[in-house]
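Structural features, examined
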Amino acid sequence: MSQTAASQSSGSEHDLSIFKRIYQRLLSLPQEKEGYKVQTNTRLAHTLDKLADSPFASFPLDPRSKWDFSIKVKGEEAGTLMNPDVSVLQKHATPSPFGRGEETGIDPSYKNGTELKARKLKLSAAEHQRVIDHIYWNLTSSVFLGKNLRIELYKLVICEAGGHFNWHRDSPHSDAHHGTVLLALNTEWEGGEFMLRHGGVEVNIDMHPTTIQNKSRPLVAAFYTDTEHKVMPVTNGVRLILQYDVEVIGERPPPERYNDDEKPLRLAALCAKRLESGKLVTATYAKPDDTLIQAVIDEIKELHDEGTNIVAFPLFHLYRRASVKREYLKGNDSALFDALKDQFDISVDTVLFYYDTTPWSVLRCVAYRYSTEIGQVKYPEEEFTDEYDDDSDEEESDIKDGYTYRHKKERVIKDAAFHIPRASAIEKILEQELAEWVGNERQKGEIRYYGAGMFVKPKNERLSSVHEREAMNDSDEDGGRAVKKRRVE
Ligand SMILES: O=C(O)CCC(=O)C(=O)O
Ligand SMILES: [Fe+2]
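Remember, it's a predicted structure, so these values are computed and weren't measured experimentally.

Calculation notes
Residues numbered from 1 in each chain as written. Chains lettered and ligands numbered in written order. Predicted model: local features only at pLDDT ≥ 70, side-chain atom pairs only at ≥ 80, totals over all residues. Heavy atoms only, no water. Donors = N, O, S within 2.8 Å, 3.2 Å for Na, K, Ca; no water. Helix = DSSP H or I, 4+ residues; strand = E, 2+ residues; numbered from the N terminus. Buried < 20%, exposed > 50% of the residue type's maximum accessible area, 1.4 Å probe, protein only. Phe/Tyr/Trp six-rings, centres within 6.5 Å; stacked < 30°, edge-to-face > 60°. Lys NZ or Arg CZ within 6 Å of the ring centre and 35° of its normal. Core = buried A, V, L, I, M, F, W, Y, C linked by side-chain atoms within 4.5 Å. Contact = heavy atoms within 4.5 Å. Near = heavy atom within 4 Å. Polar contact = N/O pair within 3.5 Å; in protein donor to acceptor, adjacent residues only side chain to side chain. Areas by Shrake-Rupley, 256 points an atom, 1.4 Å probe, with all protein chains shown as cover. Nonpolar A, V, L, I, M, F, W, Y, C, P; charged D, E, K, R; others polar. Pairing = 2+ DSSP bridges. Axes fitted to C-alpha atoms, helices over the stretch in contact; angles between N-to-C directions. Parallel < 35°, antiparallel > 145°, perpendicular 65-115°, else oblique. Left-handed = near helix turned anticlockwise from the far one by under 90°.

**Brief notes about the coordination of the iron ion (ligand 2)**
In this structure, H168 (NE2), D170 (OD) and H229 (NE2) serve as the protein donors to the iron ion (ligand 2), at separations of 2.1 to 2.2 Å. Counting along the primary sequence, the residues that act as donors to the iron ion (ligand 2) give the motif H-x1-D-x58-H. In this pair, D170 is assigned in the loop between strand 11 (164-168) and strand 12 (177-184) and H229 in strand 19 (residues 228-231), connecting sequence segments 59 residues apart. The residues D170 and H229 share a single accessibility class, namely buried.

Right, dumping it as structure tokens:
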């Protein structure tokens with residue numbers, strides 16, 4: 001299978017139009033609707049994270065910030081990231097060696113480029129660190145989800161006309177070294193396409209700086225060290241790539257986003273800007289994995305068996321419109337939909353997350369489902385109105401899978417939960433910690449996030465439930481409310 005960078009980047013265009021289309025509606029939606037209890041850190045969430053695992057990712061540096069750092073080679077000025085002095089860099093470079101471990105030999109038919117090792121380079125520290133931080137935040141929500149990382153410059157690779165690298169894997173420089181990051185300096189070149197392949201997926205990443213909002217933005221590519229990659233021959237110009245080692249130095253605990261007053265508001269505004277500016281969402285390249293899809297199915301079945309009637313989770317991607325129509329779904333969403341549809345009663349809907357940030361609330365995050373489009377398949381209305389937690393005036397606490405959920409006065413649907421993995425499009429937005437504060441519209445202690453979710457019920461349960469409801473209504477017991485307590489096998 002071969003995928004091009006162009007086909008991969010279509011996801012971010014969707015994200016942009018979605019957000020523009022829906023933003024106003026999002027702010028005006030009623031709050032009283034009954035929602036889904038939100039859970040993170042559950043087994044299903046972890047399984048979905050594994051499914052989303054991607055061996056490579058690419059993204060441009062964000063156009064809203066200024067990114068530049070000066071470069072010195074052996075004490076000599078060599079320009080900056082955005083305006084490098086190619087001749088100075090070339091002057092000090094040595095041929096890229098060929099070999100494993102102890103690098104030996106030079107074979108121009110296999111590899112033809114020159115390089116400068118990190119120890120010969122001096123980059124302006126604070127500015128360079130900002131770029132590293134930006135890369136860090138992108139990687140910890142994609143290729144290195146939930147990991148703590150150290151990202152260190154390894155070398156600068158120079159390819160002029162004729163320069164190329166044949167298929168190879170980078171040899172790890174330490175036990176902790178699990179990934180490589182490439183950052184393209186702002187030069188012009190032709191040819192020199194960068195290719196990656198892993199588990200049957202081959203992609204071609206255009207490493208040229210991207211123009212966003214009339215600004216040229218360097219591109220970042222990241223991949224696991226066991227990913228084969230290749231640089232096609234450069235035919236013109238000079239291609240300069242900074243190469244970094246990514247070391248995994250531990251786990252990163254889930255962000256404490258539900259009990260932080262200030263951060264969510266900042267992030268919501270940043271998310272808006274991020275989506276508005278387009279082309280900013282990290283492109284990842286996962287191949288749906290049948291074993292992991294089966295693991296998701298097993299988790300859902302278990303939750304159904306334990307009494308959760310509606311198991312919901314966000315889609316991995318954002319969509320122009322949420323629809324049960326299979327053809328709108330992409331990547332893992334599409335693979336999951338296909339795998340689940342025969343075994344379960346599933347639907348896809350737009351979801352809003354209300355996220356209360358009032359200082360005294362420990363956690364008030366509820367997912368609300370609503371349909372955006374005509375022709376949307378919806379469950380019967382009764383299902384949502386009959387299943388409130390009417391006792392929820394009292395503060396409640398519920399510990400499951402190590403996660404504490406507390407709510408007060410929210411009206412949540414009984415026997416239903418919305419599981420948020422760290423890898424969903426929604427979670428990526430929540431986790432983005434960008435340096436800039438751009439928000440100006442404040443909502444009263446509350447944030448609304450938008451995404452799409454998949455809602456999974458046991459097969460035919462919906463119809464059986466309606467029939468049972470009718471039967472119960474006939475006997476007029478409890479106004480039909482007792483039906484919600486019954487499970488239909
Ligand atoms: O120049 C590049 O894009 C990658 C170079 C490379 O793969 C290497 O030096 O190992
Ligand atoms: Fe390499």
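So much for the structure itself; the text now carries on.
**A short note on the packing of aromatic side chains**
If you walk through the whole model with that rule in mind, you get 5 aromatic pairs. When the centroid spacing of 5.5 Å and the interplanar angle of 85° are considered together, the rings of Y136 and W137 count as edge-to-face. Taking the relative accessible area as the measure of exposure, Y136 reaches 15% and is therefore buried. According to the relative accessible area criterion, W137 is partly exposed, its value standing at 21%. An aromatic cluster is present here, built from Y36, F418 and F455 joined pairwise through their rings. The aromatic ring of W67 is capped on one face by R130, whose charged end is 4.9 Å from the ring centroid.

**A few points about the environment of D349**
For D349, the location among the structural elements is in strand 24 (residues 344-356). When the C-alpha positions of D349 and M454 are compared, they lie 6.7 Å apart, and in sequence the two are 105 residues distant.

**Some points on the nonpolar core**
Core analysis: the largest hydrophobic core is formed by 39 residues, its most contacted members being F69, L89, L139, L156, L183 and Y244. Residue contacts for Y244: discarding those within four places in its chain leaves F69, H128, I132, I151, E152, L153, Y154, G179, T180, V181 and L183.

**Some points on the site of ligand 1**
The environment of ligand 1 is formed by K155, V157, F165, H168, D170, L182, F194, H229, V231, R239, I241 and Q243. H168 has a polar side-chain atom sitting 3.0 Å from an oxygen atom of ligand 1. At a separation of 2.9 Å, an oxygen atom of ligand 1 approaches a polar side-chain atom of R239. Across the complex, the protein chains shield 98% of the 290 Å² of accessible surface that ligand 1 would expose by itself. Put simply, the parts of the chain that give the shell around ligand 1 at least two residues each are strand 10 (147-159), strand 11, strand 19 and strand 21 (239-251). Among the elements that line the shell around ligand 1, the one with the most residues is strand 21, at 3 residues. Considered class by class, the residues forming the shell around ligand 1 number 6 nonpolar, 3 polar and 3 charged.

**With respect to unusual backbone geometry**
For K74, which is not glycine, the phi dihedral falls at a positive 45°. Structurally, K74 is set in the loop between strand 4 (70-73) and strand 5 (76-80). Positioned with a positive phi, D415 is a non-glycine residue whose angle comes to about 55°. Among the secondary structure elements, D415 is positioned in strand 28 (residues 412-420).

**Here we look at the sheet that holds strand 4**
Within the open sheet, the 3 strands sit side by side as 5-4-9. Their pairing is antiparallel. Looking at the sheet topology across the chains shown, the edges are occupied by strand 5 and strand 9 (121-123). With direction set aside, neighbouring strand axes in the sheet form an average angle of 25°.

**Details of the packing of helix 2 (residues 43-52) against helix 6 (residues 290-305)**
Look at helix 2 against helix 6: their axes get within 9 Å of each other, and the N-to-C directions meet at 165°. Between helix 2 and helix 6, the angle is such that the two are roughly antiparallel. Of the two possible hands of crossing, helix 2 and helix 6 adopt the one that is left-handed. For the pair formed by helix 2 and helix 6, the contact residues are R43, L44, T47, L48, K50 and L51 on the first element and L292, I293, A295, V296, E299, I300, E302 and L303 on the second. Residues that form the contact of helix 2 with helix 6 fall into these classes: 9 nonpolar, 1 polar and 4 charged.

The values reported here are purely geometric and, on their own, carry no functional implication.
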